[in-house]
Amino acid sequence: MSIVFDNVSRFYGEVLGVNRVNLTIPPGVTSLVGPNGSGKSTLMNLMTGLIRPTQGEIRVLNIPPDEPERLFQLTGYCTQVDAFPRGLTGYQFLYSYLRLHGKPDAECRQLATEALERVGMAEAGNRLVAAYSKGMRQRIKLAHAIAHKPLVLVLDEPLNGLDPMARAETIALFREWGQEGRHVIVSSHILHEVDRISDQVILLSHGYVVAEGQIQGVRSEVTDQPIQILVRCNRPHLLASRLFEQDHVVEARVDSDNKGLLLRTRDADRLYLLLNRVVMETGLEVESVAPADEDVNSVYQYLIGHDGGTA
Amino acid sequence: MAVYKKTYQRYAGTLTPAWSRAFIIPRYAFEEMHRKRFLNMFFLASMLYPLVCAFLIYVNQNLNFLKLLPGAPTQGFLEVNSTFFMALLGVQSMMGFFMTAFVGPGLISPDLANNALPLYLSRPLNRKQYVLGKMLVLVTLLSVMTWIPGLLLWLLHGVLAGNGWMGQNLRVASGLFFGAWIWILVLSLLSLALSAWVKWKPAAGGLLFGVFFVAAGFGAAINGVLRTKWGNLINISHLVGSVWVSLFEEPMNRGAGAVFFRVAAGEEIPVWCCWATLIGICLVCLWLLAKKIRGAEVVRS
């Protein structure tokens, strides 16, 4: 059971929203990453049926998005828009929209209370939403999306406005939901947090899907950019001299503390074999070996670039 | 933010039927209305005329009561017929019009102005149900002000008059009911369409007056200048009045839509034209709503 986009395009008149998107989004946390105007919100609005594709077909757990009665019993959507009905408390806000799901009164009361507790708003639930801070409004929107216990959660910039503590707790929630087998689809500009959240990423630029999948897999497909590997060891100069004999190593930079070596190579497998040999031959003491650019930020820079244009 | 160790469980309880979703929407609209003293007062004031009518019907049928009043007629002084009920419908409809002008513009425009439609449409609720839910606010209010008191008065008089009066005047009851519903539908749809397109509430309310009164004046001007009667096609109260007359089976020169919906003699237009125009107005309103009620704002550049 996945979320499937089959050759989906959406145009706003002559303006491109997204074009020829083919995606299969499995359960877990999936991040949509891209610059402003890349099509993240369009993709989210398409999968929640708020806009219709110009062409192509979308199925969310085998349900077409133009059937809100079925779709939204399974789906929760936290939009980017900071809008609330006037005069309602946080609890009333959750309760009233839960009633739209057709659940009985007692069930709605319980679900509203649970959702408030889950986002740490139990005490503020009886205050007017209009009196909430930006972070509290963000949390109540999150509670609004999760209150009916959906299987698919679509969250547009859910970390905006949250303080660091709340961010960490929200990220923990996302991971928990992902591990429970739910589909959690998150858009975010904060790339290091996307790294912490995501099981897989979808990179978008100018309405096109530039890359998708687990970040390591995406990175390995970017073959025109040498892979960066950080080796922490006791004799980095020695290691650097041995590695420079190889043609696939294009750069080696010794850390200022003389205990680390940042390498750039076109062939990581050969580098690891060589590293083993050097250790065996010289008795080099290696503390750690870790990829330095297998993260969303690096992949984003390689594929999309600083200016938001596809590199 | 507490994190509970829970495994995912979907809600497995019973759900209310999908068609009933729209009934959730008016809930808070009524609560908000109830907080406004002016609207409460106006609503109560709109019940005065039916109450006076109920009193008159009672007195008219109760000769013993009349005998207590010095100088009062010894026989019924009031003819309770279709003209009486058309007058009632006319007065109550006009009260309903003012109520709609106060309430209607605030139904959709705040949701659009705040970009809050996704809150509704990312629930098991489609656009039709959203519009229906908003319309229910006006339909409920206008029903309580028009056909419900009308039918209650019809029943009251029927019970007091006896002698098969109800059987002989079924046409009046159906005229009241369907006549009021035509007015309710036209008024609600117009009000919602204006609320969707004009985000500033006072302007939307003003425009509703304009659609009725300015258009009526313009229609009269057309009639005067061109020496025709077809200018009445843009006079909504004329259209509704003509349809009412046909529903009550009144002669056009007698009932003539009563009080606020009077059709001037010689300016009558065929009833089918009135029906067709009213249906056309409703369809245009639905089209306007369909254009504006969208889950996500589409900005073209």
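This text goes with the structure placed above it.
What counts, and where the lines are drawn
Residues numbered from 1 in each chain as written. Chains lettered and ligands numbered in written order. Predicted model: local features only at pLDDT ≥ 70, side-chain atom pairs only at ≥ 80, totals over all residues. Helix = DSSP H or I, 4+ residues; strand = E, 2+ residues; numbered from the N terminus. Buried ≥ 20, exposed ≤ 12 C-beta atoms within 10 Å, placed from the backbone. Contact = placed C-beta atoms within 7 Å. Nonpolar A, V, L, I, M, F, W, Y, C, P; charged D, E, K, R; others polar. Pairing = 2+ DSSP bridges. Axes fitted to C-alpha atoms, helices over the stretch in contact; angles between N-to-C directions. Core = buried A, V, L, I, M, F, W, Y, C linked by C-beta atoms within 7 Å. Expected span 1.5 Å × (residues − 1).

(A) Fine view of the overall build of chain A. Tallying secondary structure elements over chain A gives 11 helices and 13 strands in all. The dimensions of chain A, computed from C-alpha atoms along their principal axes, are 75 × 45 × 35 Å. In chain A, which comprises 311 residues, the proportion classed as buried is 44%. Contacts in chain A between residues far apart in sequence, at least 24 positions, make up 66% of those at least 6 positions apart.

(B) Inspection of the interface of chain B and chain A at higher detail. Listed by partner, the interface residues are 34 residues for chain B and 42 residues for chain A. At the level of secondary structure, the elements contributing two or more residues to the side of chain B that touches chain A comprise helix H1 (26–34) and helix H7 (117–121) of chain B. Partitioning the side of chain B that touches chain A into residue classes produces 19 nonpolar, nine polar and six charged.

(C) Inspection of the sheet that holds strand S7 (residues 183–187) of chain A at higher detail. Residue and element names in this part refer to chain A. Reading across the sheet, the six strands line up as S5-S6-S7-S3-S8-S9 and stay open at both edges, with mixed pairing between neighbours. Lying at the two open borders of the sheet, with one neighbouring strand each, are strand S5 (75–78) and strand S9 (208–213). Taken over all neighbouring pairs, the strand axes of this sheet differ in orientation by 15° on average, direction set aside. Here strand S8 (residues 200–205) pairs with S9 via five bridges, running antiparallel. Across the sheet, residue isoleucine 202 finds its bridge partner in S9, namely glutamate 212. Against the sheet, helix H1 (residues 40–47) touches strand S3 (28–33), strand S6 (152–156), S7 and S8, its axis set at about 150° to S6. The sheet strands contacting helix H5 (residues 134–146) are S5 and S6, and the helix crosses S5 at an angle near 165°.

(D) Structural context of unusual backbone geometry. All names here are of chain A. One non-glycine residue, asparagine 7, lies in the positive phi region at around 55°. Summarising the element assignment, asparagine 7 is placed in strand S1 (residues 3–12). Residue asparagine 7 is classed as exposed on the basis of its C-beta count, with 12 C-beta atoms lying within 10 Å. The phi torsion at asparagine 62 lies on the positive side, around 70°, for a residue other than glycine. Positionally, asparagine 62 belongs in the loop between strand S4 (55–60) and helix H2 (68–74). Under the C-beta neighbour-count criterion, asparagine 62 is labelled exposed, with 10 such atoms within 10 Å.

(E) Representation of the nonpolar core in the model. Residues Leu94, Ala112, Ala143 and Leu203 of chain A are the most contacted members of the largest nonpolar core, which totals 136 residues. Per-element tally for this core: the top contributor is helix H11 (residues 170–197) of chain B, with 13 residues. Discounting chain neighbours no more than four positions away, the residues touching leucine 94 of chain A are Ala112, Ala115, Leu116, Ala143, His144 and Ala147 of chain A. Counting residues in hydrophobic clusters, the runner-up holds 11 residues, among them Ile227, Val231, Ala252 and Leu271 of chain A.

(F) Up close: the pairing of S6 of chain A. Residue and element names in this part refer to chain A. Summarising burial for S6: five of the five residues are buried, a large majority. The alternating pattern of S6 places Val152, Val154 and Asp156 on one face and Leu153 and Leu155 on the opposite face, and all of these are buried. Bridge analysis of S5 against S6 gives four bridges, and the strand direction is parallel. Within the sheet, the bridge partner assigned to glycine 76 lies in S6 and is leucine 153. Pairing between S6 and S7: five bridges, direction parallel.

(G) Up close: the sheet that holds S4 of chain A. Residue and element names in this part refer to chain A. An order of S2-S1-S4 is seen for the three strands of this open sheet, with the pairing classed as antiparallel. A strand with exactly one partner marks an edge of an open sheet, and here the two such strands are strand S2 (15–25) and S4. Between one strand axis and the next, the sheet turns through 20° on average, direction left out of account. Examined bridge by bridge, S1 and S2 share seven bridges and lie antiparallel to one another. Looking at the pairing, tyrosine 12 lines up with valine 15 of S2.

(H) Structural context of helix H13 (residues 236–248) of chain B. All names here are of chain B. The end-to-end C-alpha distance of H13, which contains 13 residues, comes to 18 Å, matching closely the 18 Å that a straight helix rising 1.5 Å per residue would cover. The element H13 is extensively covered by neighbouring structure, given that 12 of its 13 residues are classed as buried. Here H13 has its buried residues at Ile236, Ser237, His238, Leu239, Val240, Gly241, Ser242, Val243, Trp244, Val245, Leu247 and Phe248. Close packing links the buried residues of H13 with helix H5 (82–103), H11, helix H12 (201–226) and helix H14 (271–292). Immediately beyond the C-terminal end of H13, within one or two residues, lies glutamate 249, with a positive phi of roughly 55°.

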